[in-house]
Amino acid sequence: MLTAAEARKNAPLWVRLLLPKDAPLYQRNDALFGWLMAFPALLILTVFLVIPFLMAFVVSFTNQRLISPNPAEWMGLRNFERLLSVRAFTLEPERDDSGAIVYQDGGIVYPRLRNFTRKNPNYPELDGLREFTSWQSGDNRTVILVADVVFLRALINTLVFASVIAPLQGGLALLLALLLNQALPFINVFRAIYFAPVVVSMVVVSLLWRFIYDGNNGLLNNLLGILSFGSFQPVDWLGNPYTALPAIMAMSVWQAVGFHMVIWLAGLQTIPASLYEAASLDGAGGWQKFRFVTWPGLRNTAVLVLIVITIQAMGFFVQVDVMTRGGPLDATQSVVYQAVQRGYDKQDIAEGSAISVILFAIVFVISMTQRYLTRERR
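About the thresholds
Residues numbered from 1 in each chain as written. Predicted model: local features only at pLDDT ≥ 70, side-chain atom pairs only at ≥ 80, totals over all residues. Heavy atoms only, no water. Helix = DSSP H or I, 4+ residues; strand = E, 2+ residues; numbered from the N terminus. Rg over C-alpha atoms; globule rule 2.2 N^0.38 Å. Contact = heavy atoms within 4.5 Å. Lys, Arg positive; Asp, Glu negative; His and termini not counted. Charge placed at Lys NZ, Arg CZ, Asp CG, Glu CD. Pairing = 2+ DSSP bridges. Axes fitted to C-alpha atoms, helices over the stretch in contact; angles between N-to-C directions. Parallel < 35°, antiparallel > 145°, perpendicular 65-115°, else oblique. Left-handed = near helix turned anticlockwise from the far one by under 90°. Nonpolar A, V, L, I, M, F, W, Y, C, P; charged D, E, K, R; others polar. Phe/Tyr/Trp six-rings, centres within 6.5 Å; stacked < 30°, edge-to-face > 60°. Buried < 20%, exposed > 50% of the residue type's maximum accessible area, 1.4 Å probe, protein only. Domains from an automatic or database assignment. Core = buried A, V, L, I, M, F, W, Y, C linked by side-chain atoms within 4.5 Å.

A. Quick peek at the overall build of the protein. Check the secondary structure of the protein and you find 16 helices and five strands. Its C-alpha radius of gyration of 28 Å places the protein more than 25% over the 21 Å reference for a compact globule of 378 residues. Taking the principal axes of its C-alpha atoms as reference, the protein extends roughly 100 × 65 × 45 Å. Taking the intrachain contacts of the protein between residues at least 6 apart in sequence as the baseline, contacts between residues at least 24 apart amount to 60%. Treating the 29 positive side-chain charges of the protein as one cloud and the 25 negative ones as another, the clouds have centres 10 Å apart.

B. A look at the sheet that holds strand β4 (residues 130–137). In space, the three strands of this open sheet follow the order β1-β5-β4, with antiparallel pairing throughout. Looking at strand neighbours, the two that pair on one side only are β1 (86–91) and β4, the edges of this open sheet. In this sheet, adjacent strand axes meet at a mean angle of 25° when their direction is disregarded. One ladder, built from seven bridges, connects β4 with strand β5 (residues 140–146); its direction is antiparallel. Paired with Gln136 across the bridge in β5 is Arg141. Along the sheet, helix α6 (residues 149–180) makes contact with β1, β4 and β5, crossing β4 at roughly 70°.

C. Region of interest: the packing of helix α10 (residues 244–268) against helix α13 (residues 299–314). Following both chains from N to C, one finds α10 and α13 inclined at 165°, their axes separated by 10 Å at the closest point. Compared by their axis directions, α10 and α13 come out roughly antiparallel. Crossing handedness for the pair α10 and α13: right-handed. Contact residues: α10 offers Phe259, His260, Ile263, Trp264 and Gly267, while α13 offers Thr301, Ala302, Leu304, Val305, Val308, Ile309 and Gln312. Considered class by class, the residues forming the contact of α10 with α13 number eight nonpolar, four polar and no charged.

D. Structural detail: the packing of aromatic side chains. Counting across every chain of the model gives 15 aromatic pairs. On the basis of an interplanar angle of 15° and a centroid distance of 5.6 Å, the ring pair of Phe61 and Trp74 is categorised as stacked. One end of the pair, Phe61, is in the loop between α3 (25–59) and α4 (78–84); the other, Trp74, is in the loop between α3 and α4, and 13 residues separate them in sequence. A relative accessible area of 14% means that Phe61 is categorised as buried. On the basis of relative accessible area, Trp74 is assigned to the exposed category, the value being 61%. With a centroid separation of 5.1 Å and 50° between ring planes, the pair formed by Phe89 and Phe116 is classed as tilted. In this pair, Phe89 sits in strand β1 while Phe116 sits in helix α5 (residues 114–117), placing the two residues 27 residues apart along the sequence.

E. Looking closely at the side chain of Thr158. Relative to the helices and strands, Thr158 is located in helix α6. With a relative accessible area of 0%, Thr158 lands in the buried category. Once residues within four sequence positions are removed from consideration, Thr158 is found in contact with Ala313, Met314, Phe316, Ser334 and Val335.

F. Highlighting the domain arrangement of the protein. Considered domain by domain, the protein is made up of domain 1 (23–59), domain 2 (87–146) and domain 3 (150–373). Each of domain 2 and domain 3 has a C-alpha centre, and the two are 41 Å apart.

G. Molecular detail of the nonpolar core. Ranked by internal contacts, the top residues of the largest apolar core, which has 57 residues, are Phe161, Tyr213 and Trp264. Counting only elements with at least two residues in this core, the list comes to α4, α6, α8 (202–212), α10, α13, α14 (318–323), α15 (335–345) and α16 (349–373). A per-element tally of this core places α10 first, with 12 residues. When neighbours within four sequence positions are excluded, Trp264 is seen to be in contact with Gly170, Ala173, Leu174, Ala177, Trp295, Leu298, Thr301, Ala302 and Val305.

H. Broad picture of unusual backbone geometry. Residue Gly327 is joined to Pro328 through a cis peptide bond whose omega torsion reads -10°. Along the chain, Pro328 turns up in the loop between α14 and α15. Phi is positive for Lys119, close to 55°, though the residue is something other than glycine. Within the secondary structure, Lys119 is located in the loop between α5 and β4. Take Lys119: its relative accessible area is 75%, and that puts it in the exposed class. Non-glycine residue Phe186 carries a positive phi angle of around 60°. Summarising the element assignment, Phe186 is placed in the loop between α6 and α7 (187–195). Given a relative accessible area of 65%, Phe186 falls into the exposed group.

Below, the structure is given as structure tokens:
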């Protein structure tokens, strides 16, 4: 039988680099077997994830078109500057010859914004910017100007979507897991029912819910009309800018809550029953058991669920593509939808790559922040 030193000496170079130098022979064999088992997955991830991202990172600094006879040129940070340019500008009211503020139709008259954002030599930094939002500040009007209104709207929608979905979906999944983590008759049937939407394609689910949300004869409007005895007025849920994104949120929670419920269930079943028995002997009630036994035992599971939900929410695309196509009035635009639309529909692969890099940076920062805030404290 070979010793550890002989095995290391006769092994190939890549094996010697992967295996610990001073490990016993049986541990070295286990490590080698583990790397061999992981190699197919690592290869697939490298070919279809790591390499494409590195290519997108390089392309984001160019003006590469998807189909173009012209060679790509190096643009530096210009794509990122155009996507992320945001400026605040204050408009002062117009005044008459006496210096008094001019009013028209009961409101203050301001200079046209185009006078400042269209080739004005006094304001070159505002050239080409467009109004995103504005508000009144005393007699002045403060305007937020951006270079890309649609992308900023998509970024805000994505952040709002993730900030709502993460606690709502995670909390509902935990509640379902607590209800189903009991020895009750037919409990496995209920687990299967709640998990069923997860195995259905998101495209199919989106099509189904598009019919449910239909403004004319949709199931939701009909049901609300029956419950209100005909007093409810039908709503075009996906055609109204104020209801379109919340409607997609509700559908997304329904579709994926079963997946995270299973993860919570797995975490619940790792908590020893003896801890609950000891808590009962100490006179702990249901809430105290959850607070001091269940929740501390689910710390690692909570970190996993929170990060997974956030990553999935930041990358939502199918719902938008199938149900609203980003409308109405850009109310359901998402970052991934914009990356795909610009990269393939508009054939601007450089800008689509820049959007993908920005999304990666945001998700990375959010995930690391969540990991830090939920870390184990001594």
